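These are the residues of each chain, in order.
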Amino acid sequence: MQPLTTQPRHAGTEGLRRQNTAAVLRSLREHGASSRAELAQHTGLAKATIGVIVAGLEAAGAVVEEDSRPGARGRPGRPVALRGDRYAGLGLELNVDYVSAVVLDLGGIVVFGDSRPATGPDSLTDLVREVVDRHVDGREVVGTTLAVPALVRGDDRTVAWAPNLDVEGRDLAEAVGGLVPGGAVQVSNDANCAAYAEAHHGAARGVRHALYLTGTVGIGAGILQHGELVRGGAGFAGEVGHMPVGDSAAECGCGRRGCWEASVGLHAMLAAVGMPELDTPLRSAEAVAARAADDAGVRAGLERVGHDLGLGIAMLSSILDPEVVVLGGYLASLGDLVLEPARRTLDERLASPAQVRPELRPSTLGIRAAALGAAEQSLGPVFSGDRDLTG
């Protein structure tokens, strides 16, 4: 029989040290370069404790002392800042028609980022090899996370269902793990990764309750509360692309008819406007937006897509009550061409005037949002204390 109470995750003296160290790292990430006195104020820790922690982090190459601030009265404190040249998180994405990679340093600066068309089965592994060989630049990779448009089990390695990709089980994690430093790869849903990136770097920063929607071949959602992901009981929350919304006769990649993504996914949008798919979702959307400027037929097709988009958002808003809905992928590139009809439909379909229509915002992060969020998640253990840089 399990005891009624459990020990905290970081128990004992060593656990407390790691917890305090993580608090200092989080403060530096949130507030930027800070004096020891400022760190004590931000974290609630004693100045003596701050001094010991900073010394350990400096010895580990995680922080550096900067020059004294000009104009400071009395004995000026030398600010401490996160170093960007020692540690990094690696984020990857495998999607239907493109692959992406981001190397992110401790301070949240993108050291390297790239997206390219998925031209064959080796597209991802070729990109991973290039990133590791050329762009890690001597940094220690503290973690690697791979984003995929799939349901991923709670072990963060096993792909349970990927209707638009031919991947399953742990094969993907093991294949990529053989190429990256440390060999351990976490696998995560692409919408969750992109939502996490928006919460830390993009259109959902500072938003208490937000919803992110991917805009690629599939449509997935990442649910955010106070900047953290809501994953549900099995970790599968956000699989919204297969809600029965939109054209009931439209065939979906999952084999059924009437799924939401069969009406508002990338392929559905291109069919609605009668234009071909280009090598990435953003290039396809940019071509459609350019044509819409002087083609009434294209604008009419986007109006229908926007209407069906609004139907699904109305359903999700009634359930989740988000303050903001961030539209990613191709949806961001089309902007008001689809967002305006979506807003009108949302106004029409919310059941009560007491319900507040969420603000619809285009993503600010582009096609690499999921890879950026994956890289941010790779750094997560450092800022939670689960990964000790001073040990």
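Rules used throughout
- Residues numbered from 1 in each chain as written.
- Predicted model: local features only at pLDDT ≥ 70, side-chain atom pairs only at ≥ 80, totals over all residues.
- Heavy atoms only, no water.
- UniProt positions renumbered as here; feature names shortened; annotations may be inferred.
- Domains from an automatic or database assignment.
- Contact = heavy atoms within 4.5 Å.
- Buried area = accessible area lost by both parts, 1.4 Å probe.
- Salt bridge = Lys/Arg side-chain N within 4 Å of Asp/Glu carboxyl O.
- Polar contact = N/O pair within 3.5 Å; in protein donor to acceptor, adjacent residues only side chain to side chain.
- Helix = DSSP H or I, 4+ residues; strand = E, 2+ residues; numbered from the N terminus.
- Pairing = 2+ DSSP bridges.
- Axes fitted to C-alpha atoms, helices over the stretch in contact; angles between N-to-C directions.
- Patch = residues over 30% accessible without salt bridge, like charges linked within 9 Å, V, L, I, M, F, W, Y side chains within 5 Å.
- Areas by Shrake-Rupley, 256 points an atom, 1.4 Å probe, with all protein chains shown as cover.
- Lys, Arg positive; Asp, Glu negative; His and termini not counted.
- Charge placed at Lys NZ, Arg CZ, Asp CG, Glu CD.
- Buried < 20%, exposed > 50% of the residue type's maximum accessible area, 1.4 Å probe, protein only.

- The chain carries the name ROK family transcriptional regulator in an unreviewed UniProt entry, which gives Nocardioides eburneiflavus as its organism.
- Annotation of the chain in UniProt includes, under Sequence similarities (unreviewed entry), the sentence "Belongs to the ROK (NagC/XylR) family."

**Some thoughts on the domain arrangement of the chain**
Then step 1. Partitioning the chain into domains gives domain 1 (13–82), domain 2 (87–195 + 369–384) and domain 3 (206–364).
Then step 2. The distance between the C-alpha centroids of domain 2 and domain 3 comes to 24 Å.
Then step 3. Each partner contributes to the interface: domain 2 provides 22 residues, whereas domain 3 provides 26 residues.
Then step 4. Here domain 2 meets domain 3 over a buried area of about 1800 Å², counting both sides, of which 59% is carbon and sulfur.
Then step 5. Taken together, the links from domain 2 to domain 3 amount to one salt bridge.
Then step 6. Asp 156 is the partner of Arg 231 in a salt bridge, and the nearest nitrogen-oxygen pair spans 3.2 Å.
Then step 7. The tally of links between domain 2 and domain 3 comes to two residue pairs in polar contact (both at pLDDT 80 or more).
Then step 8. Breaking the side of domain 2 that touches domain 3 down by element, the ones donating at least two residues are strand 7 (151–152), strand 8 (159–161), helix 6 (190–201) and helix 13 (369–384).
Then step 9. Per element, the largest residue contribution to the side of domain 2 that touches domain 3 is five residues, and it comes from helix 6.

**Focus: the sheet that holds strand 3 (residues 87–94)**
Then step 1. Spatially, five strands are ordered 5-4-3-6-9 in an open sheet, and the strand pairing comes out mixed. Where the open sheet ends on each side, the last strands, each with one partner, are strand 5 (110–117) and strand 9 (185–189). Across the sheet, the mean angle from the axis of one strand to that of its neighbour is 15 degrees, orientation sign disregarded.
Then step 2. Each of strand 3, strand 4 (98–105), strand 5 and strand 6 (140–148) is contacted by helix 4 (residues 123–134), which is oriented at about 25 degrees to strand 4, the strand it contacts most.

**Quick notes on a negative patch on the surface**
Then step 1. On the surface, a cluster of negative charge is contributed by Asp 166, Glu 168, Asp 171 and Glu 174.
Then step 2. Position of Glu 174 among the secondary structure elements: in helix 5 (residues 171–177).
Then step 3. A relative accessible area of 48% means that Glu 174 is categorised as partly exposed.

**Overview of the pattern of salt bridges**
If charged atoms from side chains of opposite charge come close, those side chains can pair.
Then step 1. Inspection of every chain in the model, using the stated rule, returns 22 salt bridges.
Then step 2. Between Asp 126 and Arg 129 there is a salt bridge, with its nearest N and O atoms 3.7 Å apart. Of this pair, Asp 126 and Arg 129 both sit in helix 4, three residues apart, which is roughly one turn of that helix.
Then step 3. Arg 129 sits in the partly exposed class, given a relative accessible area of 42%.
Then step 4. A single salt-bridge network, built from bridges that share partners, covers Glu 14, Arg 17 and Asp 388.

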